[in-house]
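Structure assessment
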Amino acid sequence: MGSRESTEKPKAGEDSGNKVYKTAIIGGLLAGAVLVGCGIAALVAVISSGSGLDDEDEVHEDKKTMKAPGRDYRIYRDDFEEDPATYFRNLRNLRKWNPEQGL
């Protein structure tokens, strides 16, 4: 044995590899708990904020809506009728660059 080596035998269950493994498990569990907590906090923030619409996007009872062409949601009719070419151009570009989103 060299002068730097320990002469003591490791006790059962207390080798350095086992300690590292336990520390990694505990660290992973703590990190997971933090992520779950952040996710819950974000969910609560979204739910408590209401509909998520900005002041300029507020739903107006007098504005007519229509099913968005090529999509599965509704849009304001007057916004679409104001410039339908731009709507379809944007829809084509969306489908071109992200086929899953353009459905």
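Thresholds, definitions, all that
Residues numbered from 1 in each chain as written. Predicted model: local features only at pLDDT ≥ 70, side-chain atom pairs only at ≥ 80, totals over all residues. Heavy atoms only, no water. Helix = DSSP H or I, 4+ residues; strand = E, 2+ residues; numbered from the N terminus. Contact = heavy atoms within 4.5 Å. Areas by Shrake-Rupley, 256 points an atom, 1.4 Å probe, with all protein chains shown as cover. Salt bridge = Lys/Arg side-chain N within 4 Å of Asp/Glu carboxyl O. Buried < 20%, exposed > 50% of the residue type's maximum accessible area, 1.4 Å probe, protein only. Patch = residues over 30% accessible without salt bridge, like charges linked within 9 Å, V, L, I, M, F, W, Y side chains within 5 Å. Lys, Arg positive; Asp, Glu negative; His and termini not counted. Charge placed at Lys NZ, Arg CZ, Asp CG, Glu CD. Core = buried A, V, L, I, M, F, W, Y, C linked by side-chain atoms within 4.5 Å. Phe/Tyr/Trp six-rings, centres within 6.5 Å; stacked < 30°, edge-to-face > 60°. UniProt positions renumbered as here; feature names shortened; annotations may be inferred.

If you tally the helices and strands in the protein chain, you get three helices and two strands. For the protein chain, the succession of helices and strands along the chain, N to C, is α-β-β-α-α. Here the analysis covers contacts within the protein chain between residues at least 6 apart in sequence; of these, 12% occur between residues at least 24 apart. Carbon and sulfur atoms make up 58% of the accessible area of the protein chain, which amounts to about 9100 Å² in all.

Turning our attention to the pattern of salt bridges. All told, the structure shown has one salt bridge when counted by the stated rule. Note that Glu81 and Arg77 form a salt bridge whose closest N and O atoms lie 3.6 Å from each other. Taken together, the positions of Glu81 and Arg77, both in helix H2 (residues 77-82) and four residues apart, correspond to about one turn of that helix. Residue Arg77 is classed as partly exposed on the basis of its relative accessible area, which comes to 34%.

Now for a negative patch on the surface. A cluster of like negative charges, contributed by Asp78, Asp79, Glu82 and Asp83, occupies part of the molecular surface. Residue position: Glu82 is located in helix H2. Classification of Glu82 by relative accessible area gives exposed; the value is 68%.

Further remarks concern a nonpolar patch on the surface. A cluster of nonpolar side chains, contributed by Tyr21, Ile25 and Leu29, occupies part of the molecular surface with about 340 Å² of accessible area. As for its position among the elements, Leu29 is in helix H1 (residues 16-48).

Looking now at the nonpolar core. If you look at the biggest cluster of nonpolar residues, it comprises six residues: Met66, Ala68, Ile75, Phe80, Tyr87 and Leu91. In contact with Phe80, not counting residues within four places along its chain, are Met66, Pro69, Ile75, Tyr87 and Phe88.

With that settled, the discussion passes to the packing of aromatic side chains. For the coordinates displayed, the defined rule picks out three aromatic pairs. Consider the rings of Phe80 and Phe88, whose centres lie 5.7 Å apart with planes at 80°: the pair is edge-to-face. Overall, the relative accessible area of 33% leaves Phe88 in the partly exposed class.

The next subject is the UniProt feature "transmembrane region" (unreviewed entry) in the protein chain. Mapped onto the present numbering, the UniProt feature "transmembrane region" (unreviewed entry) falls on residues 20-47. Span residues 20-47 is 100% helix and 0% strand, its end C-alpha atoms 41 Å apart.

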